[in-house]
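Structure at a glance
So the chains spell out like this:
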Amino acid sequence: MKNIKNAVLAATTLAALSCNAFAADYSDDIHKNDYKWAQFNLMYAEGEKPSTQDGKGHDYLELEFGGRSGVIDLYGYVDVFNITNRDTGDKVDGASKIFMKLAPRFSIDGMTGKDLSFGPVKELYVATLFNIGGGGITGQRDHDAAFDGVPAYDGEKVAITGDTNNGNIGLGADVMVPWFGKMGMNLYAQYDLNAKEWNGFQFSTNWFKPFVNFDNGSFIAYQGYIDYQFAATQNGDIYVPKVSSGGAMFNGIYWHSERYSVGYGLKLYKNIYGVENNAGIVGLESTGIAHYFAASYKF
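Residues numbered from 1 in each chain as written. Predicted model: local features only at pLDDT ≥ 70, side-chain atom pairs only at ≥ 80, totals over all residues. Heavy atoms only, no water.

Scanning the chain for helices and strands turns up two helices and 15 strands. Relative to its 299 residues, the chain shows a buried fraction of 46%. Within the chain, counting contacts between residues at least 6 apart in sequence, those at least 24 apart form 60% of the total. Element-wise, carbon and sulfur atoms account for 60% of the exposed surface of the chain, whose accessible area totals about 14600 Å². (Helix = DSSP H or I, 4+ residues; strand = E, 2+ residues; numbered from the N terminus. Buried < 20%, exposed > 50% of the residue type's maximum accessible area, 1.4 Å probe, protein only. Contact = heavy atoms within 4.5 Å. Areas by Shrake-Rupley, 256 points an atom, 1.4 Å probe, with all protein chains shown as cover.)

Scanning the entire structure with this criterion turns up five salt bridges. Through salt bridges with shared partners, a single network forms among D25, D28 and K32. (Salt bridge = Lys/Arg side-chain N within 4 Å of Asp/Glu carboxyl O.)

Attention now goes to the confidence of the model for the chain. Summing up the model confidence of the chain, the mean pLDDT is 83 and the portion of residues at 70 or higher is 79%. The secondary structure element of the chain with the lowest average pLDDT is helix α1 (residues 13–18), at 37, and the one with the highest is strand β5 (residues 105–107), at 98. In the predicted structure, residues 1–21 sits below a pLDDT of 50 and forms 86 contacts with residues beyond four places in sequence or in another chain. (pLDDT = per-residue confidence, 0-100.)

This next bit is on the environment of F219. Relative to the assigned elements, F219 resides in strand β12 (residues 219–230). Residues F219 and S261 lie 42 residues apart in sequence; the distance between their C-alpha atoms is 9.6 Å.

Moving on: the pairing of strand β3 (residues 72–81). Pairing of strand β2 (residues 58–69) with β3, which is carried by ten bridges, proceeds in the antiparallel orientation. Residue pairing in the sheet places S69 in a bridge with I72 of β3. Once β2 ends, the chain turns through two residues before running back antiparallel as β3, passing G70 with a positive phi of about 60°. Both β3 and β5 contribute to a ladder of two bridges, which runs antiparallel. If you follow I72 over to β5, its bridge partner there is F106. (Pairing = 2+ DSSP bridges.)

Right, let's get into the nonpolar core. Of all hydrophobic cores here, the largest spans 21 residues; its most connected members are M43, Y60, F250, Y269, I272, V275 and Y292. Where this core is concerned, the elements lending two or more residues are β1 (35–46), β3, β13 (246–256) and β15 (288–298). (Core = buried A, V, L, I, M, F, W, Y, C linked by side-chain atoms within 4.5 Å.)

A few words on the environment of G113. Relative to the helices and strands, G113 resides in the loop between α2 (108–112) and β6 (121–142). Its relative accessible area of 61% is what places G113 among the exposed residues.

Turning next to the packing of aromatic side chains. Two aromatic rings, taken as a pair, are described by how far apart their centres are and by the angle between their planes. On inspection of all chains with the given rule, the structure shows 18 aromatic pairs. Ring geometry for Y75 and Y77: centres 6.1 Å apart, planes at 70°, overall edge-to-face. The two residues Y75 and Y77 agree in class, both being buried. Directly above the aromatic system of Y125 lies the positively charged group of R105, at a separation of 3.9 Å from the ring centroid. (Phe/Tyr/Trp six-rings, centres within 6.5 Å; stacked < 30°, edge-to-face > 60°. Lys NZ or Arg CZ within 6 Å of the ring centre and 35° of its normal.)

Note: most residues except glycine have negative phi, and most peptide bonds are trans. Omega for the bond connecting K49 with P50 falls within 30 degrees of zero, at 0°, which places this linkage in the cis form. Topologically, P50 is positioned in the loop between β1 and β2. In this structure, N271 is a non-glycine residue whose phi angle is positive, near 45°. Along the polypeptide, N271 turns up in the loop between β14 (260–270) and β15.

A few words on the pairing of β14. Of the two faces of β14, only the one carrying S261, G263, G265, K267 and Y269 is buried; Y260, V262, Y264, L266, L268 and K270 on the other face are not. Two strands pair when backbone bridges link them, and β13 and β14 are joined in this way by ten bridges, in the antiparallel orientation. Bridging from a neighbouring strand, Y254 pairs with G263 of β14. Once β13 ends, the chain turns through three residues before running back antiparallel as β14. In terms of strand pairing, β14 meets β15 through ten bridges, oriented antiparallel. In the sheet register, V262 faces β15, and the bridge partner there is A295.

In structure tokens:
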């Protein structure tokens, strides 16, 4: 299962460099703050979780993109794993090659034409998040209402194997935080499209803070995010037992120029995706640390 990670939170770069303490203004032109960006990231991850091969890493290529158009704020990426076709690591032997994340947010201020800011909260959103691909999914769900015209009997289950496939919806906000500046914060309810059920919640926040600036315009930034899932149904199985909560925190130090960036990120895990650490027949490692290395080209 591909974790919700991003070694370079470029989606917040422009906001971090240009934002101020004022609320969003849509009074004259909703497109006056539009922008867009894209970049390729060559990545290497070691110790990524959950995994049965702790400490064995994998390379991948990431197309990362985002921007703003009117009331829509978009962030997303597509990962292609094991691009060097290595025989070792945790993305071999038929493992899923692609993972995709899309996170569009829709400004409530913009849609209503009202300034809804208060205190440190500068803009409110209907926040959505979609995670697709990456493999690593096992479990069961209730059978559909009918199968070949025959209604399913009580208790009948269907096996689930394959890719992550979930959608999240909730409330988001841009919040001014001392030293960090503007941070995105979102609280989602999660719908598992594989299991066809609502299951738990997720709180997410991200930051991008330049803290060393050079005369040539380049800078060093502390960037990262927290994803925390909670109140989930413990619907694992004997292969992959689940707990009701879990999450991860990414901490990255990156050098940025106009066209390039390079950096390192340390990621901390605790029962990521609610997978119980080292439990069950599979015994997935879901708690610990991972290391990420990135080199990026910006379009």
